[in-house]
Number of protein chains: 2
Amino acid sequence: MPKLKVGKRRTSAAQEDYLKALFRISGRAATLVPNARLAEEMGVSPGSVSEMLGKLATLGLIVHDPYRGARLTPDGLKVAVEMIRHHRLIETYLVRALGYGWDEVHEEADRLEHAISERLEERMWQALGQPAFDPHGDPIPAPDGTLVEHPTLPLQSAPAGSEVTVSRISDRDPAKLRAVERLGLTPGRRVMVVEESVWESPIVVSLDGSQISVPLGLARAIRVEGDAEGGTKPPG
Amino acid sequence: MPKLKVGKRRTSAAQEDYLKALFRISGRAATLVPNARLAEEMGVSPGSVSEMLGKLATLGLIVHDPYRGARLTPDGLKVAVEMIRHHRLIETYLVRALGYGWDEVHEEADRLEHAISERLEERMWQALGQPAFDPHGDPIPAPDGTLVEHPTLPLQSAPAGSEVTVSRISDRDPAKLRAVERLGLTPGRRVMVVEESVWESPIVVSLDGSQISVPLGLARAIRVEGDAEGGTKPPG
DNA sequence: CTTTAAGTTTCGGCATGCCTAAATATTAGC
DNA sequence: GCTAATATTTAGGCATGCCGAAACTTAAAG
Ligand SMILES: [Mn+2]
Ligand SMILES: [Mn+2]
Ligand SMILES: [Mn+2]
Ligand SMILES: [Mn+2]
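Residues numbered from 1 in each chain as written. Chains lettered and ligands numbered in written order. Predicted model: local features only at pLDDT ≥ 70, side-chain atom pairs only at ≥ 80, totals over all residues. Heavy atoms only, no water.

A. Summary view of the coordination of the manganese ion (ligand 1). Residues and elements named next belong to chain A. Taken together, the protein ligands of the manganese ion (ligand 1) are E82 (OE), H86 (NE2), E118 (OE), E118 (OE) and E121 (OE), with distances of 1.5 to 2.7 Å. When its relative accessible area of 22% is taken as the criterion, E82 is described as partly exposed. Exposure remark for H86: the relative accessible area of 2% places this residue in the buried category. (Donors = N, O, S within 2.8 Å, 3.2 Å for Na, K, Ca; no water. Buried < 20%, exposed > 50% of the residue type's maximum accessible area, 1.4 Å probe, protein only.)

B. Representation of the coordination of the manganese ion (ligand 3) in the model. Residue and element names in this part refer to chain B. Bound to the manganese ion (ligand 3) on the protein side are E82 (OE), H86 (NE2), E118 (OE), E118 (OE) and E121 (OE), at distances that span 1.5 to 2.7 Å. One chain supplies every donor to the manganese ion (ligand 3), and in sequence these donors are spaced E-x3-H-x31-E-x2-E. In this pair, H86 is assigned in helix α4 (residues 74-98) and E118 in helix α6 (residues 118-127), connecting sequence segments 32 residues apart. (Helix = DSSP H or I, 4+ residues; strand = E, 2+ residues; numbered from the N terminus.)

C. Region of the structure containing the domain arrangement of chain A. Residue and element names in this part refer to chain A. Here chain A is described as being made up of domain 1 (1-141) and domain 2 (153-229). Measuring from the centre of the C-alpha atoms in domain 1 to the corresponding centre in domain 2 gives 28 Å. In total, about 1000 Å² of surface goes out of reach between domain 1 and domain 2, with carbon and sulfur atoms giving 50% of it. Considering only the side of domain 1, the residues that lose the most area to domain 2 are W102, D103 and H136, jointly responsible for 56% of the buried surface there. Where domain 1 meets domain 2, there are 3 salt bridges. (Domains from an automatic or database assignment. Buried area = accessible area lost by both parts, 1.4 Å probe. Salt bridge = Lys/Arg side-chain N within 4 Å of Asp/Glu carboxyl O.)

D. Quick peek at the protein's contact with DNA strand D. Taken together, 23 residues are adjacent to DNA strand D, and S12(A), S45(A), S48(A), S50(B) and H64(B) come closest. For DNA strand D, the fraction of protein-proximal atoms (within 4 Å) that sit in sugar or phosphate groups is 71%. A distance of 2.3 Å separates a phosphate oxygen of DNA strand D from a polar side-chain atom of S12(A). Elements that contribute at least two residues to the surface near DNA strand D include exactly α1 (13-26) and α3 (46-58) of chain A together with α2 (35-42) and α3 (46-58) of chain B. Looking at side-chain class alone, the surface near DNA strand D contains 10 nonpolar, 9 polar and 4 charged residues. (Near = heavy atom within 4 Å. Polar contact = N/O pair within 3.5 Å; in protein donor to acceptor, adjacent residues only side chain to side chain. Nonpolar A, V, L, I, M, F, W, Y, C, P; charged D, E, K, R; others polar.)

E. Focus on the pairing of strand β1 (residues 62-65) of chain B. Residue and element names in this part refer to chain B. Alignment of β1 against strand β2 (residues 69-72), held across 4 bridges, turns out to be antiparallel. Paired with D65 across the strands is G69, a residue of β2. Between β1 and β2, which pair antiparallel in sequence order, lie 3 residues; one of them, Y67, sits at a positive phi of approximately 70 degrees. (Pairing = 2+ DSSP bridges.)

F. Highlighting the interface of chain B and chain A. Listed by partner, the interface residues are 18 residues for chain B and 18 residues for chain A. Across the chain B/chain A interface, buried area totals approximately 1500 Å², and carbon plus sulfur atoms make up 54% of it. Inspection of the region where chain B meets chain A yields 13 residue pairs in polar contact (both at pLDDT 80 or more). At 5 residues, α6(B) tops the list of elements feeding residues into the side of chain B that touches chain A. Of the residues contributing to the side of chain B that touches chain A, the split by class is 11 nonpolar, 2 polar and 5 charged. (Contact = heavy atoms within 4.5 Å.)

G. Layout of the sheet that holds strand β5 (residues 190-195) of chain A. Residue and element names in this part refer to chain A. With antiparallel pairing, the 6 strands of this open sheet are ordered in space as β3-β8-β4-β5-β6-β7. At either margin of the open sheet sits one strand with a lone partner, and together these are β3 (153-154) and β7 (210-214). Bridging between β5 and strand β6 (residues 203-207) involves 3 bridges; their strand directions are antiparallel. Residue pairing across strands places M192 opposite S206, the latter belonging to β6. Against the sheet, helix α7 (residues 174-183) contacts β4 (163-169), β6, β7 and β8 (222-226), and its axis sits at roughly 165 degrees relative to β7. (Axes fitted to C-alpha atoms, helices over the stretch in contact; angles between N-to-C directions.)

H. How the structure looks around the relation of the copies chain B and chain A. Least-squares fitting of chain B to chain A yields an RMSD of 0.0 Å, with the transformation described by 0.0 Å of translation along the axis and a rotation of 180 degrees. Overall, the copies show the geometry of a two-fold rotation axis. Comparing contact sets, 100% of the residues at the interface of chain B also lie at the interface in chain A, consistent with an isologous, same-surface contact. (Least-squares fit on C-alpha atoms with pLDDT ≥ 70 in both.)

I. Layout of the protein's contact with DNA strand C. Taken together, 23 residues surround DNA strand C, and among them N35(A), S50(A), S12(B), S45(B) and S48(B) come closest. Each atom of DNA strand C within 4 Å of the protein belongs either to a base or to sugar and phosphate, the latter forming 69%. At 2.2 Å, a side-chain N or O of S12(B) approaches a phosphate oxygen of DNA strand C. Counting only elements with at least two residues in the surface near DNA strand C, the list comes to α2 (35-42) and α3 of chain A together with α1 (13-26) and α3 of chain B. Grouping the constituent residues of the surface near DNA strand C by class yields 10 nonpolar, 9 polar and 4 charged.

This is the structure in structure tokens:
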């Protein structure tokens with residue numbers, strides 16, 4: 001009896017990174033992403049993107065509309081969300097179990113997310129008590145791929161006078177994370193927007209009674225939730 | 001001032017695997033390893049080995065004596081030992097911190113050893129209290145590359161009547177590890193050799209008063225220490 | 001419309017790592 | 001020592017992923 005190779009095709013780390021990038025750009029909506037946007041997000045040339053899109057389309061992980069763009073299929077979405085779960089779980093584990101700073105975890109998670117087994121994923125998840133959010137306030141997808149995204153807006157778009165809760169900080173730039181931490185604007189903190197940004201001026205918020213000036217470049221990395229109740233909340 | 005790229009060449013996972021294999025075969029002695037032996041150990045063709053040896057020699061990680069064989073340079077030895085430290089630390093961490101069985105860790109460690117940072121290595125080491133041995137009784141190299149190997153012999157070579165301590169079990173075959181565990185011959189256990197192997201017969205040892213029959217194939221995977229005192233000992 | 005600019009794909013190259021088969025060197029047998 | 005078996009190296013290919021430049025499509029401007 002010949003041993004049939006049943007399509008146990010493993011996606012490569014590179015392929016997984018493209019799928020993740022598509023998800024970052026268009027999310028569950030899975031709208032058409034133009035080649036150039038993806039090239040920028042991945043830091044590769046447009047030519048490289050075209051080639052990879054061909055492969056991913058063959059694998060049924062994306063749909064490619066030539067000269068128009070690409071979007072994730074349900075299968076591709078599953079892979080992307082799986083990698084995001086790995087990434088955020090690893091970040092959470094490094095901070096909570098191994099004493100990493102939240103500004104030290106992103107790179108490490110970006111490498112490890114492609115290398116861990118389902119068993120390790122499960123063990124970390126259980127060891128942490130099935131966490132729902134990572135250190136940056138980003139929701140951790142459930143094992144089945146469910147991913148609840150609270151509606152948020154960038155801090156610089158919050159209207160003056162509104163009271164908001166810090167929800168998520170972009171995990172890509174360690175220096176920004178350290179700056180955010182120094183200001184005390186960590187996920188879960190409630191702040192009042194005192195002054196909106198005019199002509200690129202810093203945003204002023206009040207936190208625990210004291211006024212804090214937030215440079216626009218930093219405010220763009222901070223997403224907040226306009227207060228409403230419901231569902232599971234980010235760490236408070 | 002132009003930013004000079006100072007030779008921060010990163011070794012690839014494949015290169016690291018070749019260096020590890022060289023170390024497994026000839027250890028610190030760094031004697032010449034013939035191409036075919038390395039090909040067997042790596043599970044690749046002789047042609048592939050020749051090519052890789054060329055690259056590693058260029059990088060100064062091995063010395064290649066054409067048609068004779070290859071051996072690690074001090075630099076290559078450092079990389080190999082570094083990977084072995086990663087491997088054994090990861091295995092130890094998975095068992096002690098995440099509840100893995102000792103038969104479940106090898107594959108995972110083989111993937112992760114190439115992906116973890118020096119920071120993660122350090123954090124795991126501290127979290128475990130600077131362990132000296134992995135779950136299979138293999139010594140974990142110190143951060144500076146120091147590696148103390150106790151002299152051991154395969155169980156099937158131990159003379160009848162001798163009292164020995166189980167020291168190390170090969171971590172490559174999960175099924176053998178489970179069999180060894182069922183027999184209770186885990187690292188640190190003291191046993192008396194009752195019957196040596198004759199004509200491939202099982203070895204009989206006594207453990208806690210009861211007699212245990214160890215198939216030759218299993219005995220070959222078990223290394224023991226003829227009792228003498230000194231130094232740090234494997235887990236008891 | 002038609003011309004042009006912008007974005008996308010294709011092409012030829014390069015690097016890594018693997019394979020098989022052919023060429024070559026070493027070693028062992030006589 | 002010379003030939004034959006054995007081991008090693010080299011050559012030609014294939015797969016993955018990347019690049020820059022040429023070819024092509026689409027969209028914008030006139
Ligand atoms: Mn997973
Ligand atoms: Mn994060
Ligand atoms: Mn290290
Ligand atoms: Mn081990």
